[in-house]
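# Observations on the three-dimensional arrangement
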Amino acid sequence: MGFFSKDIKTLNDLFVHTLQDIYYAEQQIEKSLPKMVKKATDPDLKAGFEEHLEQTREHIVRLEQVFEIHGEAVKGVDCPAIDGILEEADEVSGDVDDKQVLDAALIASAQAVEHYEMTRYGTLIAWAKELGHEDSASILAETLEEERATDQKLTEMAESGVNRQAA
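Everything numeric here is computed off the predicted structure, so don't read it as measured data.

### Notes on the side chain of Glu117
Turning to its location among the elements, Glu117 is positioned in helix H4 (residues 99–130). An unpaired buried charge is present at Glu117: no salt bridge exists, and Arg62, the closest side chain of opposite charge, is 9.8 Å distant. Setting aside residues up to four positions removed in sequence, Glu117 forms contacts with Ile22, Glu26, Ile29, His52 and Glu147.

### Quick notes on H4
The terminal C-alpha atoms of H4, which comprises 32 residues, lie 47 Å apart, in line with the 46 Å expected from a rise of 1.5 Å per residue. You can read the cap of H4 off the contacts: a side-chain oxygen lies 2.8 Å from the backbone nitrogen of Gln100, and it is on Asp98. With its phi angle positive at about 80°, Gly132 sits one or two positions after the end of H4.

### A word on the pattern of salt bridges
Within this structure, the stated rule accounts for nine salt bridges. Where Arg120 meets Asp21, a salt bridge forms, and the shortest distance between an N and an O atom there is 3.2 Å. A residue pair is termed long-range when its members are at least 10 positions apart, and Arg120 in helix H4 and Asp21 in helix H1 (residues 11–39) qualify at 99 residues. A salt bridge links Arg62 to Glu146; the nearest nitrogen and oxygen atoms lie 3.0 Å apart. Remark: Glu146 occurs in helix H5 (residues 134–166) and Arg62 occurs in helix H2 (residues 43–69); sequence separation between them is 84 residues. Residue class for Arg62 comes out buried when judged on its relative accessible area of 6%. Sharing partners across several salt bridges, the network here consists of Glu58, Arg62, Glu142 and Glu146.

### Notes on the packing of H2 against H5
The contact between H2 and H5 brings their axes to 10 Å, and the two run at 165°. Between H2 and H5, the angle falls in the class roughly antiparallel. Between H2 and H5 lies a crossing whose hand is left-handed. Along its contact with H2, which presents Asp44, Leu45, Phe49, Glu51, His52, Gln55, His59, Arg62, Leu63, Gln65, Val66 and Ile69, the element H5 presents Asp135, Ser136, Ile139, Leu140, Glu142, Thr143, Glu146, Glu147, Thr150, Lys153, Leu154 and Met157. Among the residues forming the contact of H2 with H5, the class breakdown is nine nonpolar, seven polar and eight charged.

### Description of the nonpolar core
Nonpolar side chains in soluble globular proteins tend to be buried together. Membership of the largest hydrophobic core comes to 45 residues, with the highest contact counts inside it found for Phe15, Leu45, Phe49, Ile82 and Leu140. Looking at this core, the elements with two or more residues in it are H1, H2, helix H3 (80–94), H4 and H5. For this core, the element with the most residues is H4, which contributes 13 residues. Among all residues touching Phe15, those that are not within four sequence positions of it are Val66, His70, Leu124, Trp127, Ala128, Leu131 and Leu140.

### Concerning the confidence of the model for the chain
The share of residues in the chain with pLDDT of 70 or more is 96%, and the mean pLDDT across the chain is 92. The lowest-confidence element of the chain is H3, averaging 89 in pLDDT; the highest-confidence one is H2, averaging 96.

### A few points about a negative patch on the surface
A grouping of Glu87, Glu88, Glu91, Asp95, Asp97 and Asp98 is seen on the molecular surface, where their side chains present a negatively charged patch. Of note, Asp98 is situated in the loop between H3 and H4.

### Topic: the packing of aromatic side chains
Following the criterion strictly, the structure yields one aromatic pair and no others. Measuring from ring centre to ring centre gives 5.5 Å for Tyr23 and Phe67, while their planes differ by 85°; the resulting arrangement is edge-to-face. In this pair, Tyr23 is assigned in helix H1 and Phe67 in helix H2, connecting sequence segments 44 residues apart. The buried category is assigned to Tyr23, whose relative accessible area is 6%. Judged by its relative accessible area of 0%, Phe67 falls in the buried class.

Definitions and cut-offs
- Residues numbered from 1 in each chain as written.
- Predicted model: local features only at pLDDT ≥ 70, side-chain atom pairs only at ≥ 80, totals over all residues.
- Heavy atoms only, no water.
- Helix = DSSP H or I, 4+ residues; strand = E, 2+ residues; numbered from the N terminus.
- Buried < 20%, exposed > 50% of the residue type's maximum accessible area, 1.4 Å probe, protein only.
- Lys, Arg positive; Asp, Glu negative; His and termini not counted.
- Salt bridge = Lys/Arg side-chain N within 4 Å of Asp/Glu carboxyl O.
- Contact = heavy atoms within 4.5 Å.
- Expected span 1.5 Å × (residues − 1).
- Polar contact = N/O pair within 3.5 Å; in protein donor to acceptor, adjacent residues only side chain to side chain.
- Axes fitted to C-alpha atoms, helices over the stretch in contact; angles between N-to-C directions.
- Parallel < 35°, antiparallel > 145°, perpendicular 65-115°, else oblique.
- Left-handed = near helix turned anticlockwise from the far one by under 90°.
- Nonpolar A, V, L, I, M, F, W, Y, C, P; charged D, E, K, R; others polar.
- Core = buried A, V, L, I, M, F, W, Y, C linked by side-chain atoms within 4.5 Å.
- pLDDT = per-residue confidence, 0-100.
- Patch = residues over 30% accessible without salt bridge, like charges linked within 9 Å, V, L, I, M, F, W, Y side chains within 5 Å.
- Areas by Shrake-Rupley, 256 points an atom, 1.4 Å probe, with all protein chains shown as cover.
- Charge placed at Lys NZ, Arg CZ, Asp CG, Glu CD.
- Phe/Tyr/Trp six-rings, centres within 6.5 Å; stacked < 30°, edge-to-face > 60°.

Encoded structure:
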């Protein structure tokens, strides 16, 4: 572990560290979504990003509930993975001049974010159950279902028109 990080010795330590990781990630996503709303030109995509921004704020609240249940301080730890995904999304969208291609790029970037979140939430749910924290698993499962639904909406949007228009 890093110099200032607590060593991970138990599954519970790993659970808390991963909880801190996704908490940081959700906060970074909350900061990035308004930029994506501004860049999107497809009205449905713009509305979808706005909706997901509100969901992300609720995800943060739920994570804070899980920290409380576990008696842990609410804090994030740097997550180079989400930082990299968001940085790449910003770079790619900055390199696209055609607005229809830009919408396709934004969907692809958003799905990369969703897939990262789904892996983290799925893992946290499994570990919460293993640790006997069904209450936390239930809270995290609600968020996972929203992430999956967002990913599905993005797929449908891409396949029903955005990708075709970009081609």
